[in-house]
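Read off the chains here:
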Amino acid sequence: MTEALMIVIATIGVFIITLLVKGIRIVPEQSAVMIERLGKFRGQLNAGLNIIIPVIDKPRSVPWRVTVKEAGQKFYMVSQITNLDLREQVYDFPSQSVITRDNVGIQVDAVVYFQIINPQKAVYEISNLPIALETLTQTTLRNVIGEMDLDDTLTSRETINASLVETIDSAAQAWGVKVNRVEVQDITPPQDVLASMEQQMKAERERRARVTEAEGFKSAAVLRAEGERDARIAEADGEREAQIREAEGQAQAIELLANAEKSKLLRVQEALGGDTGDYLIGLRYMETLDQMASNQNVVWMPHSATDLGSFIGGYKTLLGQSTASEAETTP
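Residues numbered from 1 in each chain as written. Predicted model: local features only at pLDDT ≥ 70, side-chain atom pairs only at ≥ 80, totals over all residues. Heavy atoms only, no water.

Asks: Even after reading the chapter, I still don't get helix H1 (residues 2-22), so can you show me in this structure?
Replies: Given 3.6 residues per helical turn, the α-helix brings residues three or four places apart onto the same face. Between its first and last C-alpha atoms H1 spans 30 Å; for 21 residues at 1.5 Å apiece the expected length is 30 Å, and the two agree. Burial runs low along H1: only zero of the 21 residues are buried. (Helix = DSSP H or I, 4+ residues; strand = E, 2+ residues; numbered from the N terminus. Expected span 1.5 Å × (residues − 1). Buried < 20%, exposed > 50% of the residue type's maximum accessible area, 1.4 Å probe, protein only.)

What follows is the structure, encoded as structure tokens:
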């Protein structure tokens, strides 16, 4: 009886210890556990040490799909979890086939960044939160891209992301979820469309190259014409300046010659003591005769002998006066 009693006591002790151990729940940081008592929601266990009543209180398990990548392929596994992660999570669901407004079928791969704000709603307001987010994102993605052309789809990812976030977040608030971002990772058009786009881009690049080359030729011609114009202007300015300098030099030379001639006449006038007109006329007459006498084919004679005699007499008189003046001035 004593051994049997000890066995019973030991069994009861082990059972009690097991219950006590099961009644202790340690919840990690940024996690939450939903506790049900006899199938009814009793409360939420937060991070740290928590005590529950074994057997009566049980944590609620939630189906959760996990993405696994192996060899570049995405695989999805559904598991039952009790700890809800309250951190921001990334949900990468498979690429979707979407038809644009211009009837082009494309493959769109998107990622949803969300965070559970109200764990109770995330468990009890929706049966499978990941599937719900995936389905909502797919339908919203089809609606948004279905209103856009292919070219707009490829160049307006920010617009697509903003529309997805606004629509999905508005619907997910009822599930206690905050959708922070939705990013379109990749948009893949069909192969024939890709080939057409490549040909279009090639033609566009060739057109830009020709336009750039033509603009280069045009700029070169304009610069060449401007250079020739500036050279001609500079040359004309140089010639004008040279002519002005030459004219100024000639004017100064004439002025100097005139001043010298004036000084000469004043000295002659002082030497003759009278009018220098006859002297200048006779001097010019003799210079002319000298020039005409240098031509052997011309014989020059005065208009009349009287003119010749009067000229010679006058010239002698001038010479006599000039000699007398020189004699007086000679010491």
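Asks: Help me out: how do you make sense of a nonpolar patch on the surface in this one?
Replies: Together, Val8, Ile12, Phe15, Ile16 and Leu20 make up a nonpolar patch on the protein surface, roughly 480 Å² of accessible area in all. Residue position: Leu20 is located in helix H1. (Patch = residues over 30% accessible without salt bridge, like charges linked within 9 Å, V, L, I, M, F, W, Y side chains within 5 Å. Areas by Shrake-Rupley, 256 points an atom, 1.4 Å probe, with all protein chains shown as cover. Salt bridge = Lys/Arg side-chain N within 4 Å of Asp/Glu carboxyl O.)

Asks: Sorry if this is basic, but what is going on with the UniProt feature "transmembrane region" (unreviewed entry) in the chain here?
Replies: Here the UniProt feature "transmembrane region" (unreviewed entry) sits at residues 6-27. For residues 6-27, the end-to-end C-alpha separation is 36 Å, with 77% helix and 18% strand making up the annotated structure. (UniProt positions renumbered as here; feature names shortened; annotations may be inferred.)

Asks: Honestly, the pattern of salt bridges in this entry has me stumped. Any pointers?
Replies: Pairs can form between side chains of opposite charge once their charged atoms are near each other. Taken as a whole and judged by the stated rule, the model has 12 salt bridges. Between Asp169 and Lys178 there is a salt bridge, with the nearest N and O atoms lying 3.4 Å from each other. Residue classification places Lys178 among the partly exposed positions, given a relative accessible area of 36%. Three or more residues joined by partner-sharing salt bridges are found here, namely Arg37, Arg42 and Asp57.

Asks: Any chance you could explain the nonpolar core here in plain terms?
Replies: Nonpolar side chains in soluble globular proteins tend to be buried together. Ranked by internal contacts, the top residues of the largest apolar core, which has 39 residues, are Ile106, Val108, Phe114, Leu129, Ile160, Leu164 and Trp175. A per-element tally of this core places helix H3 (residues 129-146) first, with seven residues. Within the second largest apolar cluster, five residues are counted, among which are Val33, Ile35, Leu45 and Ile52. (Core = buried A, V, L, I, M, F, W, Y, C linked by side-chain atoms within 4.5 Å.)

Asks: In this structure, what is going on with the side chain of Thr153? I would like to understand it.
Replies: Among the structural elements, Thr153 can be located in helix H4 (residues 150-155). Look at Thr153 and you get buried, because its relative accessible area is 0%.

Asks: Sorry if this is basic, but what is going on with the layout of surface pockets here?
Replies: To locate leftover empty space, one rolls a probe as large as a water molecule over the atoms. For the largest pocket, the calculated volume is near 200 Å³. Around the largest pocket, the lining is made up of 13 residues, and of these Trp64, Arg65, Gln89, Val90 and Phe114 lie nearest the centre. Elements that contribute at least two residues to the lining of the largest pocket include exactly strand E6 (62-70) and strand E9 (89-92). Looking at the lining of the largest pocket residue by residue, the classes come out as seven nonpolar, three polar and three charged. (1 Å grid on protein atoms, 1.4 Å probe; cavity = no way out; pocket = protein on both sides within 12 Å on 5 of 7 lines; lining within 4 Å. Points joined across faces, edges and corners; volume = space filled by probe spheres on them. Nonpolar A, V, L, I, M, F, W, Y, C, P; charged D, E, K, R; others polar.)

Asks: Which parts of the structure should I look at to understand unusual backbone geometry?
Replies: Most peptide bonds are trans, and most residues other than glycine sit at a negative phi. At Leu38, a position not held by glycine, the phi torsion is positive, near 55 degrees. With respect to the helices and strands, Leu38 occurs in the loop between strand E2 (31-37) and strand E3 (40-45). Positive phi, close to 60 degrees, is recorded for Asn103, a residue that is not glycine. With respect to the helices and strands, Asn103 occurs in the loop between strand E10 (96-99) and strand E11 (105-116).

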